[in-house]
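# Working through the structure, step by step
Spelled out, the chains give:
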Amino acid sequence: TIPVGILASLLLAWSVFRIAKTRTAMPAVIKSALKQREFFLEYQPLVELATGRWIGAEALIRWRRTTGEVVPPDIFIPVAEACGLIQQISQYVAKQFASEAGDLFRRYPGFHVGINVAAADIHDEATVLMFRELAAATGAGRNNIIVEATERSFTDHSRAATVIKQMRQEGFPVAIDDFGTGYSSLAYLERIRFDYLKIDKSFVDTVNTDAATSGVVLHIIEMAKALNIEMIAEGVETELQAQFLYEQGVRFGQGWLFGKPMPFSQLLEGLEKSMPM
Ligand code: C2E
Ligand code: CA
Ligand code: CA
Ligand code: CA
């Protein structure tokens, strides 16, 4: 029999090799995927907890390989960031949304669409221009397009603060995404003004039936209230979570309870049923 130690190191070597192989191949593959337009968008409804109405949606990127396999963004976004392709992806997302939006904002003037940006975007003033063009292309007015920036993407506070300030001056609300998962959440909130705070799913998950709801989620809510920032709870999967968060003063929610990410056509169908706004 082969000793366990040797087996373990063989396994380790194999997995390192596999990761290295995909890491080096990925940038070229992503570049070609951009050219071949293999990326597409899905939209997940954003719901007003008090009424259940769809008041917005988040645009989420997906990658359909030529093999038919759909790769989730958690796999390729970090690679695109590491190899300097992320801003091309952001441009692609903006263009793709513009091409689908049609008369969305004319029909639903109060509707919000969240667009995710990455660290490179939030440190580059050209991103403001990208959003200005997106607004022009979609006929979006003030507040229609929300810029979603994850907390982890703020590497240079003062540069990020400058870009965010410009976005807000142009009329784009800015959301701090995945809130609570970074290292110095409080420091950002003191220095940069945000319009929305998205409570990360990992905290929403702690809201459950056995009365063991984590105090952390309550602290986040208290803090957002004190700073007067509107909250959006992410990853709401149960009625109990929605009810609890609503009672605590969270106004908006997003999650499988209300709707999974869907194609734009399906979002429009749902919208017709969900309101007149
Ligand atoms: P995110 O911005 O936090 O997006 C929310 C993620 O949670 C989405 O995963 C969504 O499908 C998932 N989700 C929503 N509700 C539920 C729920 O009730 N249960 C569960 N289990 N999951 C739920 P997705 O689409 O796989 O995206 C993952 C991440 O990839 C996003 O996290 C975002 O950070 C990034 N991403 C997605 N699209 C883009 C993009 O266009 N640009 C950039 N830079 N990043 C993107
Ligand atoms: Ca997001
Ligand atoms: Ca998030
Ligand atoms: Ca997340």
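Structural data are supplied above this passage.
Everything in this summary refers to the structure shown in the same document. (Residues numbered from 1 in each chain as written. Chains lettered and ligands numbered in written order. Predicted model: local features only at pLDDT ≥ 70, side-chain atom pairs only at ≥ 80, totals over all residues. Heavy atoms only, no water.)

### Quick look at the pattern of salt bridges
The line we're drawing: In the sections that follow, a salt bridge refers to a side-chain nitrogen of Lys or Arg positioned within 4 Å of a carboxyl oxygen of Asp or Glu. Each residue is placed in one exposure class: buried if its accessible area under a 1.4 Å probe, protein chains only, is under 20% of its type's maximum, exposed if it is over 50%, and partly exposed if it falls in between.
In the structure shown here, the tally under the stated rule is 14 salt bridges. Measuring nitrogen to oxygen at the nearest pair gives 3.9 Å for the salt bridge that ties Arg 53 to Glu 48. Overall, the relative accessible area of 26% leaves Arg 53 in the partly exposed class. A salt bridge links Arg 107 to Asp 103, with the shortest nitrogen-to-oxygen separation between them at 3.9 Å.

### Regarding the site of ligand 1
Put simply, the rule is: A single heavy atom is enough: if one lies within 4 Å of a molecule or strand, its residue is considered near that molecule or strand. The term polar contact refers here to a pair of N or O atoms within 3.5 Å; inside protein, the definition further demands a hydrogen-donor-capable atom paired with an acceptor-capable atom, and it admits residues adjacent in sequence only when both atoms are side-chain atoms. Computed by Shrake-Rupley with a 1.4 Å probe, the accessible areas treat only the displayed protein chains as cover when residues are assessed. Labels follow the DSSP assignment, with helices taken as runs of H or I lasting at least four residues and strands as runs of E lasting at least two, numbered in each case from the N terminus. Residue polarity is assigned by list, with Asp, Glu, Lys and Arg as charged and Ala, Val, Leu, Ile, Met, Phe, Trp, Tyr, Cys and Pro as nonpolar; anything else, Gly included, falls into the polar class.
Around ligand 1, the structure places 20 residues, and the nearest of them are Gln 44, Glu 58, Arg 62, Glu 237 and Trp 256. At 3.1 Å, a side-chain N or O of Glu 58 approaches an oxygen atom of ligand 1. Asn 116 places a polar side-chain atom, nitrogen or oxygen, 3.2 Å from an oxygen atom of ligand 1. Burial of ligand 1 by the surrounding chains reaches 83%, relative to a free accessible area of 800 Å². Of all elements in the fold, only strand 2 (54–64), helix 2 (73–82) and strand 6 (174–179) reach the threshold of two or more residues within the shell around ligand 1. Per-element accounting of the shell around ligand 1 gives the leading share, four residues, to strand 2. In terms of residue class, the shell around ligand 1 is built from eight nonpolar, four polar and eight charged.

### Observations concerning the pairing of strand 5 (residues 145–150)
Here is the rule: The rule for pairing is simple: two strands pair if DSSP sees at least two bridges between them.
Burial analysis of strand 5 places six of its six residues in the buried class, which makes it a mostly covered element. Looking at chain direction, strand 4 (residues 112–117) and strand 5 are connected through five bridges and run parallel. Note that in strand 5 the partner of Asn 116 across the bridge is Glu 148. As paired elements, strand 5 and strand 6 share four bridges and run parallel to each other.

### With respect to the coordination of the calcium ion (ligand 2)
Each pair of donors in an ideal octahedron of six around a metal sits at 90 or 180 degrees, and each pair in an ideal tetrahedron of four sits at 109.5 degrees. Selection criterion: In this analysis a donor is any N, O or S atom within 2.8 Å of a metal ion (3.2 Å for sodium, potassium and calcium), and since water is not included, sites may seem incomplete.
For the calcium ion (ligand 2), the protein coordination sphere consists of Glu 58 (OE), Asn 116 (OD1), Glu 148 (OE) and Asp 177 (OD), at 2.2 to 2.3 Å. Sequence spacing among the residues donating to the calcium ion (ligand 2) works out to E-x57-N-x31-E-x28-D. Metal-to-metal, the separation of the calcium ion (ligand 2) and the calcium ion (ligand 3) is 4.0 Å; Asp 177 coordinates the two. Here Glu 58, found in strand 2, pairs with Asn 116, found in strand 4; they are 58 residues apart in sequence, far enough to count as distant.

### Here's the deal with a nonpolar patch on the surface
As a reminder, the rule being used: Patch building starts from residues that exceed 30% relative accessible area and form no salt bridge, then joins like charges within 9 Å and nonpolar side chains (Val, Leu, Ile, Met, Phe, Trp, Tyr) within 5 Å.
Residues Ile 2, Ile 6, Leu 7, Leu 10 and Leu 11 make up a contiguous nonpolar surface patch of about 500 Å² in total accessible area. Tracing the backbone through its elements, the reader meets Leu 11 in helix 1 (residues 4–35).

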